[in-house]
Amino acid sequence: MPVTVLLVDDEPLVRAGLRAVLDSQPDIEVVGEAADGASVIPLVRQLRPDVVAMDVRMPLLDGIEATRAVLRSVDSPPKILVVTTFENDEYVYQALRAGADGFLLKRARPSEIVHAVRLVAEGETLLFPAAVRALAAEYGNRQARAVLERAALTEREEAVLRLMARGLTNVEIAGELIVGTETVKSHVSAILGKLGARDRTQAVITAYESGFVSPA
């Protein structure tokens, strides 16, 4: 079954470009489009996409509020990939904190767009560029530090979280630690449970905000 994608952007040319790139792949299918975040919830319920590629800045309902609305209102919500012009846009970080699974620059190469959609569909973490890691450090807060302290991660779980923060996949983490992929999956699951994180991206945000991982 192909990965199904819903495109949400107020610029028709952006939607057309993303559709052309994604529909060219045999394992990805664009199943719908919307010009504003206000249309997302009914379309998600109707089309049940695996991934929503959503502009972070839109006139009626922006990507941050649309992300919150989807996660709050839809059972088994799709993965959300926010699309932006500038990687240091604070809107991007707020969307990630709201529950988005990753973000994509509009100037990204076709291969990067395809890779990002496949990664988030599989539940993996996208590597945050330096600008986003710096924003995470600026948002460092006591709550994130308290969450990490209460989690009482084991030494191996801490090692896995650091590699997750570097954007490594389960297979790559397994190679780094010389363990099986299923072992890594078990560690990731334990980390998410202990941190109370919805997914890998939220766990990585906690790691940066708490100071457990340095943005450098």
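Our structure is the block above this text.
Here's a quick rundown of the structure. (Residues numbered from 1 in each chain as written. Predicted model: local features only at pLDDT ≥ 70, side-chain atom pairs only at ≥ 80, totals over all residues. Heavy atoms only, no water.)

### Points about the nonpolar core
Counting residues in each nonpolar core, the largest one holds 56 residues, and the members touching the most others are V8, M54, L96, L161, M164, I173 and L195. Sequence-distant contacts of L161, that is, excluding residues within four places in its chain, are made with L148, L153, I191, L195, A203, A207 and F212. Ranked by size, the runner-up nonpolar core spans 22 residues in total, among them L22, A108, V117 and L119. (Core = buried A, V, L, I, M, F, W, Y, C linked by side-chain atoms within 4.5 Å. Buried < 20%, exposed > 50% of the residue type's maximum accessible area, 1.4 Å probe, protein only. Contact = heavy atoms within 4.5 Å.)

### Digging into helix α1 (residues 12-23)
With 12 residues, α1 extends 16 Å between its outermost C-alpha atoms, agreeing within 8% with the 16 Å of an ideal straight helix rising 1.5 Å per residue. For α1, every residue scored as buried is listed here: V14, R15, L18, V21 and L22. Down the axis of α1, the smallest arc covering the buried residues is 135°, so these residues share one side. Exposed residues on α1 whose side chains face more than 90 degrees from its buried face are P12, L13 and A20. Check the buried side of α1 and you find it contacts β1 (3-8), β2 (28-34), β5 (102-105) and α5 (110-121). (Helix = DSSP H or I, 4+ residues; strand = E, 2+ residues; numbered from the N terminus. Expected span 1.5 Å × (residues − 1). Arc of directions from axis to C-beta.)

### Let's talk about the packing of aromatic side chains
Under the definition given, this model contains 0 aromatic pairs. Geometry around Y91 places R57 over its ring, the cationic atom sitting 3.9 Å from the centre. (Phe/Tyr/Trp six-rings, centres within 6.5 Å; stacked < 30°, edge-to-face > 60°. Lys NZ or Arg CZ within 6 Å of the ring centre and 35° of its normal.)

### Focus: the side chain of Q202
Within the secondary structure, Q202 is located in helix α11 (residues 200-209). By relative accessible area, Q202 is classed as buried at 13%. Within polar-contact distance, the side chain of Q202 engages the backbone oxygen of A100 at 3.3 Å. Discounting chain neighbours no more than four positions away, the residues touching Q202 are L96, R97, G99, A100 and A197. (Polar contact = N/O pair within 3.5 Å; in protein donor to acceptor, adjacent residues only side chain to side chain.)

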